[in-house]
Amino acid sequence: HDRVVLLPEVGVDPTVFKERIPTDSERLTFVFVGRLVPYKCADVAIRAFAESDELRKHKLMMIGDGPDRPMLEALIKEHNLEDCVELSGWVDQAEVGNLLRSADVFVFPSIRELGAGVVVEAMAAGLPSVVVDYGGPGGLITDECGRKVSLGSKEHIASAMRVHLEELERDKDLREKLGAAARQRVEDHLTWHAKAMQTLEIYKWVTGERADKPEFAVQ
């Protein structure tokens, strides 16, 4: 282990995923991005909204497509969420960047993520994230830039996420503070340029140009 340096496999191009555009709209946009497949647990985000009269006043934009879409459409109808949950379908990467810039909070209940590149993309847009504390998302998000919920049943995750989402819905200053910290964390550690510089430091250590093993804040 003393010869191993851990680095997240994911990175981001800050020219594509730019910082969000602030708005004064009282109706917030919460956004999920990912394939609509079982382990992404998109239905958990919908259930969190279904449980909350506060969140129902706002919008949940779900970007992506996949075999779970009919189930999600039925869930939206079952809970009368047609006015606040939007299934946007698949869009290309540039449009994902644009949509993230117009959102306020990133919601990602996925329970089986290795890299979680989309979390970095949301961070680059300056969004606070609410994720499950497992796999890639658990290592990318800190208390300074988002909120994490423990792994558990769908009911547990939906309920815990609802609490955090309601907190962010009520507190604009907190949203802005966490979002700014997320953007800074990306600029410092998770752009492709920053990762190249980290890799260079590892090579310097391996070849003896530096004596100490490099340690990075995100690993």
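In this report, we go over the structure that sits alongside the text. (Residues numbered from 1 in each chain as written. Predicted model: local features only at pLDDT ≥ 70, side-chain atom pairs only at ≥ 80, totals over all residues. Heavy atoms only, no water.)

Some remarks on unusual backbone geometry
Working note: non-glycine residues mostly have negative phi, and peptide bonds are mostly trans. Positive phi is not limited to glycine here, since N80 has a value of about 55°. As for its position among the elements, N80 is in the loop between helix 2 (69-78) and strand 3 (85-89). What makes N80 exposed here is its relative accessible area of 59%. (Helix = DSSP H or I, 4+ residues; strand = E, 2+ residues; numbered from the N terminus. Buried < 20%, exposed > 50% of the residue type's maximum accessible area, 1.4 Å probe, protein only.)

Some remarks on helix 2
Listed as buried for helix 2 are L72, L75 and I76. One side of helix 2 carries all its buried residues, which in axial view fall inside an arc of 100°. Exposed side of helix 2, more than 90 degrees from the buried face: P70, K77 and E78 are the residues found there. Buried residues along helix 2 sit against helix 1 (42-50) and strand 3. Looking one or two places after helix 2, you find N80, whose phi comes out positive at around 55°. (Arc of directions from axis to C-beta. Contact = heavy atoms within 4.5 Å.)

Description of the sheet that holds strand 2 (residues 59-63)
The 6 strands are arranged 3-2-1-4-5-6 in an open sheet whose pairing can be described as parallel. In this open sheet, the two strands that pair with only one neighbour each are strand 3 and strand 6 (146-149). When the angles between neighbouring strand axes are averaged without regard to direction, this sheet yields 20°. Here strand 2 runs beside strand 3; their pairing, made up of 4 bridges, is parallel. Within strand 3, the residue paired with I63 across the bridge is G89. Helix-sheet contacts for helix 1 involve strand 1 (29-33), strand 2, strand 3 and strand 4 (105-108), and the interaxial angle to strand 2 is about 175°. (Pairing = 2+ DSSP bridges. Axes fitted to C-alpha atoms, helices over the stretch in contact; angles between N-to-C directions.)

Notes on the nonpolar core
Grouped together as the largest cluster of nonpolar side chains are 66 residues, with contacts concentrated most on L100 and F106. Ignoring any residue separated from it by four or fewer positions in sequence, one finds L100 in contact with F17, R20, V31, V33, F106, E121, A122, A125 and L127. (Core = buried A, V, L, I, M, F, W, Y, C linked by side-chain atoms within 4.5 Å.)

So, helix 6 (residues 154-170)
With 17 residues, helix 6 should reach 24 Å at 1.5 Å per residue; the first-to-last C-alpha distance of 24 Å fits that figure. Among all positions in helix 6, only I157, A158, A160, M161, R162, H164, L165, E166, L168 and E169 are buried. (Expected span 1.5 Å × (residues − 1).)

Structural notes on the pattern of salt bridges
For the structure shown, the criterion picks out 15 salt bridges. Residue R69 is joined to E73 by a salt bridge in which the shortest nitrogen-to-oxygen separation is 3.1 Å. Of this pair, R69 and E73 both sit in helix 2, 4 residues apart, roughly one helical turn. Residue class for E73 comes out partly exposed when judged on its relative accessible area of 40%. Salt bridges sharing common partners tie together E201, K204, R210 and D212. (Salt bridge = Lys/Arg side-chain N within 4 Å of Asp/Glu carboxyl O.)

Thoughts on the pairing of strand 1
Counting buried positions along strand 1 yields 5 of 5 residues, so the element is predominantly enclosed. Burial along strand 1 is two-sided: T29, V31 and V33 facing one way and F30 and F32 facing the other are all buried. Note: strand 1 against strand 2, 5 bridges, orientation parallel. Residue V33 lies in a different strand from strand 2, and its bridge partner there is I63. In terms of strand pairing, strand 1 meets strand 4 through 2 bridges, oriented parallel. Of the residues in strand 4, the one forming a bridge with V31 is F106.

So far we have only geometry, and geometry alone does not tell us how the molecule works.
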